[in-house]
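# Structural characterization, general
The lines below spell out each chain.
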Amino acid sequence: MGERSQGGGLLKRRAERLGRSVQNALEMARLGRLIPQQRTPYTVEREERVHSLRRYAAQPGKPKVEHPLLLIPALMINSEIYDIEAASSAVAHLTSEGIDVWLCDFGVPEDQQGGLARTQDDHVRAINECIDLIREVTGKDVHLAGYSQGGMFAYQVAAWRRSEGIKSLITFGALVDIYAALPGIDPETLGRSLQFIRRGTLGGLGMLDAMPGGIASFLFKVVSIDKRAAQFMQFVGDLHDRQAIEHGEGKRRFLSGDGFVAWPGPALKTFAEEFVLGNRLMQGGFVIDGRACSLSDIHCPLLYFVGERDEIARPRTVRAIKQAAPNISEMYEILVPAGHIGIVVSRKAFEVTWPSVVEWLRWRDGSGPKPSRLVGQDRKVGVDAAIDDVKDGLELIRDASSGFASTLTRSLGRLTRSGLNLSESLRWQVARLAKLERLTPDARVSFGLALEEQAMRNPDGGWFIYDGRGQSYAEANRRVDHVVRGLIACEVRPGQHVGVLMNNRPSYLSLVTALSRLGAVAVLLSPESQRASLGRALELAPVDLLVADPDNVGLARESYAGKLLMLGAPKSPRPQTSNVIDMEMIDTERMAFPHWYRANPGRAEDLAMIMFTAGRFDEPRAARISNRRWAVAAYGAAAAASLSAKDTVYACTPLHHASGMLVAAGGALVGGARLAMTSRFSPERFWPEVRRYGVTVVFYAGEMLRELVDAPSYRGEQQNPIRLFAGSGMRADIWRRLTERFGAVGVLEFYASTEGTGVLANVAADKVGSLGRPLPGSNDMLLAAYDFDNKRMVRDGLGLCVEAGPEEPGVLLTRVDASHAQTTFDGYADNEETASRLRRDVRELGDTWFVTGDLMRRDVDGDFWFLDRLTDVVRTSDGPVFTRPIEDALYDLSEVRFAVVHASNQEDGEQRPEASIVLRSGRELEADVLTRLVSARLAPNARPAVVRVVEDIALTDGY
């Protein structure tokens, strides 16, 4: 009887438990919840189109924190993440500690008029306005705190404001380095993978009004499916216990879907392009309201929280802030044993996260001790840095697993890289080089046409950044059309030669592109040329009219008596000038194009622009650049440097120089990359602009980078976004110092004569100082043997040029296109032929080649090495001596900053090399050190007769 009684009691209890479970389940199904929704009271201080600003007043009882706290939610998560329920309310906890809490509420976009049309910039501006209002109301700077994407917003706003008005930053699980989210794939490979699918992805996102909250909720559940399953089982097990399920109801409903809202389509597309595909929080160069920003612009103290089990914002993706923001001197981390949402709403959040936030706020206000859980102080060095490295290493090991899985990951990584290299080559490089091969004389190609094509293909993509401001392809294209209308109004017509006298600025690009679109010829003049005055340049290349910017209009009036136009906004008050047409005052909005106008008429054989160029000791001359020559430089640079939309190119050479207009600007345009222009190159400007613009490729010229490697160390210079330095004229000593000092950066040395259409490129970068080999798709090149005694090229019995053998010096020739074949060039001449840069009957009878005037040698592997300009060769009685190897030897002396070698005539009538050197500041050079060097490195006839120590050596426009 006792056993049956006990069994009956058990069945009864189970039945009662089941009944309570059913009752609770039915009530939840009928009412949607068991208890009324509870929220911490607040007032709405301001309500705008994109956001409303809430204020939760500090509760009495605890000492009040002096500075207010502004909370920022993520876009796809409801603002109630900070106030889910009484037991899981961060707001309630903070206000009870005497903190003045504010919250930027983005609301529910799908329920608000125009909510789904919000852009990324709309949200950043909203947070910025909140900061301004809070400061106005309280008179205090603001602690800015953001969870997940809200933390990313906090970083962006702080960068945009340059930390002004921000007391400190606090972020919870905020991604910085998106590429670090996937284990086993290096960032470069991942970047290529994302770019490979970029066009289709962004096109699809562009057609979406929004990402619905349901999708965001589903994706979150998939990522944390094990946790959601465990929580569901616990909920079912507790269904009979009303008190237990009431206690967690708010959090459960929030995570089940109530907490997720739509992500507006325009904001989602920008996020995907800028911060996923572009990884610009890590790299820099994200644009807000037309202004380029970088996390290196942040200076205020930072506390960031890392979820130990966070599968969305993995620890190393969050910790990347240490590399991305080198100018934050006080940066601290707190590790929370929780997942992504658990950082802010779990039990651990109220044991670790929010108490630490309170401690942080009091410590920053000077009213409390330093929080005990902080890791890091100022910039970590020594043991702290090593500990971080160990942590990241352990995380990588955990993610990549071990044994077979690890081996498989590495193998797949190698396979992925190989496949991506092949696909990238097939998609981009081969296509670009093939385009060059298809350029017949009548093919339409020009700067203006290239911009129009990019504007049609990617209108919202960034084209250039200057002085912190950015412009899209579509905006730049519209500006060019307005300039064309202005030129037409000023009676500029196709075929006319128009002088351009400007410093580096957006108007320079707009004008040259507009002249190309109109079919006129741009004559690029230097405002500060040390080699030829403006008057001399205009004698070499007469113009029909001259366009100057406001900074150079005075110089233009002094040197030119013809028709003068002015274009561009001045940095100072606009100059008042007579007899100058101010193009900015022309109302082009209402102007229509005339019936005769045809946009972008330029063909490959047509003359596009004229530049001025010369060797170190040559007289300047006018170099004629055809559209084909422009295309060879542009597509060649884009192919050799593998430029794509994820790149930002830094143009630090003048645009009137070939490396600026043809290589940097042209390569960036046809490569779909952004162009970051600077008004002038200097080490002081270089690193801040590289960080702010997210520069990945730097185009250099000549000795430019010597100043950079000689400059004092810059904080964070080894953790920089640059992947490649590309250009021509880099000495071997700079190359070595560059790669040793600035981390994992590559160097691409290439060569392209200004008028010839041949291109050499050291793509493999395995021989420091080499120019590499001919780039496929460029014109044929020949290293012709040269008779130095008779000053002419060596010809065979048929009258054709003899090719120089391996390691023999020769003059570089390039086969010319049809437009150059009928053109006569002034300049180089030898005793064999007339004063012309053209040679005929070079490889076969009747062909035409262009003489570059550059002497080179080709090694046994086929790589070219620069020796000298033909006009600079020192002609000794023991044979020719080339100046470049002598200068390279002198640069091996650590005391030498600059070195120039030239010929000097001796009393006996012979020539000997002579050197002038500039010593590094505070250094002296001992004579015996110099003697030992030249004796060991140089042949007797190559040893300088005199070495002069001088104060300075002037550089040309091409450095």
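A quick note: this is a predicted structure, and the numbers were derived from the prediction, not measured.

Take the overall build of the protein next. Counting its secondary structure elements, the protein contains 31 helices and 39 strands. Classification of the 959 residues of the protein by burial places 55% in the buried group. Taking all contacts inside the protein whose residues are at least 6 apart in sequence as the whole, residues at least 24 apart take part in 73%. For the protein, the exposed area adds up to about 39800 Å²; of that, 52% sits on carbon and sulfur atoms.

A few words on helix 28 (residues 732-741). For helix 28, the full list of buried residues reads Ala-732, Asp-733, Ile-734, Trp-735, Leu-738 and Arg-741. Note on helix 28: the residue one or two positions beyond its end, Gly-743, has a positive phi of about 80°.

Attention now moves to the packing of helix 3 (residues 120-138) against helix 4 (residues 149-160). Viewed as axis vectors pointing N to C, helix 3 and helix 4 meet at an angle of 70°, and their least axial separation amounts to 10 Å. Relative to helix 4, helix 3 is oriented roughly perpendicular. Mapping the contact onto sequence places Gln-120, His-123, Val-124, Arg-125, Ile-127, Asn-128 and Ile-131 in helix 3 and Gln-149, Phe-153, Gln-156, Val-157 and Trp-160 in helix 4. Taken together, the residues of the contact of helix 3 with helix 4 break down into six nonpolar, five polar and one charged.

Moving on: the pairing of strand 13 (residues 462-466). A regular strand places its side chains on the two faces of the sheet in alternate fashion. Of all the five residues making up strand 13, four are buried; the element is thus mostly covered by neighbouring parts of the structure. In the sheet, strand 13 pairs with strand 23 (residues 674-677) via three bridges, with the strands oriented parallel. Looking at the pairing, Tyr-466 lines up with Met-677 of strand 23.

All right, on to the packing of aromatic side chains then. A complete count under the given rule lists 23 aromatic pairs for this structure. Note on Tyr-332 and Trp-360: the rings are 5.8 Å apart at their centroids and 65° apart in plane angle, and the pair reads as edge-to-face. Within this pair, whereas Tyr-332 is found in strand 12 (residues 331-336), its partner Trp-360 is found in helix 16 (residues 347-365), the two being separated by 28 residues in sequence. Neither Tyr-332 nor Trp-360 differs from the other in exposure class; each is buried. Residues Trp-360 and Trp-363 carry aromatic rings whose centres are separated by 5.7 Å and whose planes lie at 65° to one another, so their mutual orientation is edge-to-face. Of this pair, Trp-360 and Trp-363 both sit in helix 16, three residues apart, roughly one helical turn. Put simply, the rings of Tyr-650, Phe-681, Phe-686, Trp-687, Tyr-714, Phe-725 and Phe-742 touch in pairs and so form one group of aromatic residues. Directly above the ring of Trp-363 sits Arg-364, whose terminal nitrogen or CZ lies 4.7 Å from the centroid. Between Arg-706 and the ring centre of Tyr-891, over which it is positioned, the NZ or CZ distance is 3.7 Å.

Its twelve residues place the ends of helix 4 16 Å apart at the C-alpha level, agreeing with the 16 Å of an ideal helix rising 1.5 Å per residue. The buried count for helix 4 comes to twelve of twelve residues, which makes it a mostly enclosed element. Of all the positions in helix 4, only Gln-149, Gly-150, Gly-151, Met-152, Phe-153, Ala-154, Tyr-155, Gln-156, Val-157, Ala-158, Ala-159 and Trp-160 are classed as buried. Just downstream of helix 4 lies Arg-162, where phi reads positive at about 55°.

Let us now look at unusual backbone geometry. Even without glycine at this site, Asn-600 takes up a positive phi of about 55°. Along the chain, the position of Asn-600 falls in the loop between strand 19 (581-582) and strand 20 (607-613). Within the chain, Ala-765 stands out as a residue other than glycine whose phi angle is a positive 55°. Within the fold, Ala-765 resides in the loop between strand 27 (759-761) and strand 28 (773-774). Here Ala-765 falls in the partly exposed class, since its relative accessible area comes to 29%.

Oppositely charged side chains can pair when the atoms bearing their charge come close. Within this structure, the stated rule accounts for 53 salt bridges. Here Asp-122 ties to Arg-49 by a salt bridge, and the two come within 3.5 Å at their closest N and O atoms. Of this pair, Asp-122 sits in helix 3 while Arg-49 sits in the loop between strand 1 (43-47) and strand 2 (52-56), and the two are 73 residues apart along the sequence. Arg-49 sits in the exposed class, given a relative accessible area of 52%. A salt bridge links Arg-162 to Asp-297, with the nearest nitrogen and oxygen atoms 3.6 Å apart. Placement of the pair is Arg-162 in the loop between helix 4 and strand 6 (166-172) and Asp-297 in the loop between strand 10 (291-293) and strand 11 (302-307), with a sequence separation of 135 residues. On the basis of relative accessible area, Arg-162 is assigned to the partly exposed category, the value being 29%. Via salt bridges that share partners, Glu-703, Arg-706, Arg-731, Asp-733, Arg-884, Glu-887 and Asp-888 belong to a single interconnected network.

With 77% of its residues at a pLDDT of at least 70, the protein reaches an overall mean of 81. Per-residue pLDDT stays below 50 along residues 228-239; that stretch engages in 16 contacts with residues further than four places along the chain or on separate chains. Under a pLDDT of 50 for its full length, residues 378-427 has, in the predicted model, 56 contacts with residues more than four places off or in other chains.

To continue, consider the packing of helix 20 (residues 473-489) against helix 21 (residues 506-518). Helix-helix packing is characterised by the crossing angle of the two axes and by the distance between the axes. Running from N to C, helix 20 and helix 21 point in directions that differ by 65°, and their axes come no closer than 8 Å. By the angle class used here, helix 20 and helix 21 are roughly perpendicular. Helix-helix and strand crossings are classified by hand; for helix 20 and helix 21 the assignment is right-handed. In this structure, helix 20 contributes Asn-477, Arg-479, Val-480, Asp-481, Val-483, Val-484, Leu-487 and Ile-488 to the contact, and helix 21 contributes Ser-507, Ser-510, Leu-511, Thr-513, Ala-514, Leu-515, Arg-517 and Leu-518. Class assignment of the residues belonging to the contact of helix 20 with helix 21 gives a composition of nine nonpolar, four polar and three charged.

What follows concerns the nonpolar core. With 77 residues, the main nonpolar core has Trp-463, Leu-487, Leu-675 and Phe-699 as its most contacted residues. Counting 55 residues, the second largest nonpolar core, distinct from the first, contains Trp-102, Val-124, Val-157 and Leu-169.

Okay, the pairing of strand 39 (residues 946-949) next. With four bridges joining them, strand 38 (residues 911-919) and strand 39 adopt parallel strand pairing. Considered in strand 39, the bridge of Ala-915 is made with Val-947. Between strand 38 and its parallel partner strand 39, the chain crosses via helix 31 (residues 927-937), and the hand of that crossover is right-handed.

This brings us to the sheet that holds strand 3 (residues 69-72). In spatial order, the strands read 1-2-4-3-5-6-11-12; together these eight strands make up an open sheet with mixed pairing. The outermost strands of the open sheet, each flanked by one partner alone, are strand 1 and strand 12. When the angles between neighbouring strand axes are averaged without regard to direction, this sheet yields 20°. In the sheet, strand 3 pairs with strand 5 (residues 142-147) via four bridges, with the strands oriented parallel. Residue pairing across strands places Leu-69 opposite His-143, the latter belonging to strand 5. Running over the sheet, helix 4 touches strand 3, strand 5, strand 6 and strand 11 and is turned about 140° from strand 5.

Along the chain, the position of Gly-146 falls in strand 5. Once you skip the residues sitting within four places of it in the chain, Gly-146 turns out to touch Ile-72, Tyr-82, Gly-151, Ile-170, Thr-171 and Phe-172.

Here Lys-140 is to be found in the loop between helix 3 and strand 5. Since its relative accessible area comes to 29%, Lys-140 is described here as partly exposed. Along the backbone, Lys-140 and His-67 are 73 residues apart, and their C-alpha atoms lie at a distance of 5.9 Å. Not counting residues within four places of it along the chain, the set of residues in contact with Lys-140 comprises Glu-66, His-67, Pro-68 and Arg-135. Side chain to side chain, Lys-140 and Glu-66 meet in a polar contact 2.7 Å long.

Another point: the sheet that holds strand 39. Spatially, the three strands line up as an open sheet ordered 37-38-39, and their pairing is mixed. Strands with a single pairing partner mark the edges of an open sheet, and in this sheet they are strand 37 (896-905) and strand 39. Each neighbouring strand pair of the sheet contributes to a mean axis angle of 20°, computed without reference to strand direction. Of the strands in this sheet, strand 37 and strand 38 are in contact with helix 30 (residues 883-891), which crosses strand 37 at around 145°.

Looking now at the side chain of Thr-171. Tracing the backbone shows Thr-171 in strand 6. Note on Thr-171: relative accessible area 0%, which makes it buried. Reaching out from Thr-171, the side chain makes a polar contact with the side chain of Tyr-155 at a distance of 3.0 Å. Ignoring sequence-local partners within four residues, the contact set of Thr-171 consists of Gly-146, Gly-151, Tyr-155, Leu-302, Leu-303, Tyr-304 and Phe-305.

Conventions and cut-offs
- Along each chain, residues carry numbers from 1 onward, in the same order as the chain's sequence is written.
- For this predicted model, a pLDDT threshold of at least 70 governs which residues receive local features, and a threshold of 80 or more governs which side-chain atom pairs are given and counted, while totals over whole chains, interfaces and linings are taken from all residues.
- To get the side-chain values, take all heavy atoms of the structure and skip hydrogens and water.
- Helix and strand definitions here come from DSSP, where helices need a minimum of 4 consecutive H or I residues and strands a minimum of 2 consecutive E residues; each element is numbered from the N-terminal end.
- Note on exposure labels: buried denotes an accessible area under 20% of the residue type's maximum, exposed denotes more than 50%, and partly exposed covers the range between, all computed with a 1.4 Å probe on protein chains only.
- Working rule for contacts: check all heavy atoms of both residues, and any pair within 4.5 Å makes them a contact.
- Surface accessibility in these figures is a Shrake-Rupley result with a 1.4 Å probe; residues are shielded only by whichever protein chains are displayed.
- To define axes, lines are fitted to C-alpha atoms, for helices over the stretch in contact only, and angles between the resulting N-to-C directions are given on a 0 to 180 degree scale.
- Any angle between 65 and 115 degrees counts as roughly perpendicular, while under 35 counts as roughly parallel, over 145 as roughly antiparallel, and the rest as oblique.
- Note on residue categories: nonpolar means Ala, Val, Leu, Ile, Met, Phe, Trp, Tyr, Cys or Pro, charged means Asp, Glu, Lys or Arg, and polar means any other residue, Gly included.
- When DSSP finds two or more bridges between two strands, those strands count as paired.
- Stacked, tilted and edge-to-face pairs are distinguished by plane angle, under 30 degrees for stacked and over 60 for edge-to-face with tilted covering the rest, among Phe, Tyr and Trp rings (Trp via its six-membered ring) whose centres lie within 6.5 Å.
- Lysine NZ or arginine CZ positioned within 6 Å of the ring centre and within 35 degrees of the ring normal marks a charge as sitting over the ring.
- Here the expected length of a helix is defined as 1.5 Å per residue gap, with one fewer gap than residues.
- We define a salt bridge as a contact between a side-chain nitrogen of Lys or Arg and a carboxyl oxygen of Asp or Glu at a distance within 4 Å.
- The predictor rates its confidence in each residue with pLDDT, a number between 0 and 100.
- Left-handed describes a crossing whose near helix is turned anticlockwise from the far helix through less than a right angle; right-handed describes the clockwise counterpart.
- For the purposes of this section, nonpolar cores are sets of buried Ala, Val, Leu, Ile, Met, Phe, Trp, Tyr and Cys residues that join through side-chain atoms within 4.5 Å.
- We call a crossover right-handed when, viewed with the strands running away from us, the connection from the first strand over the helix to the second turns clockwise.
- As used in this structure description, the phrase polar contact means that two N or O atoms lie within 3.5 Å; if the pair is within protein, one of them must be able to donate a hydrogen and the other to accept it, and residues adjacent in sequence are counted only when both atoms belong to side chains.

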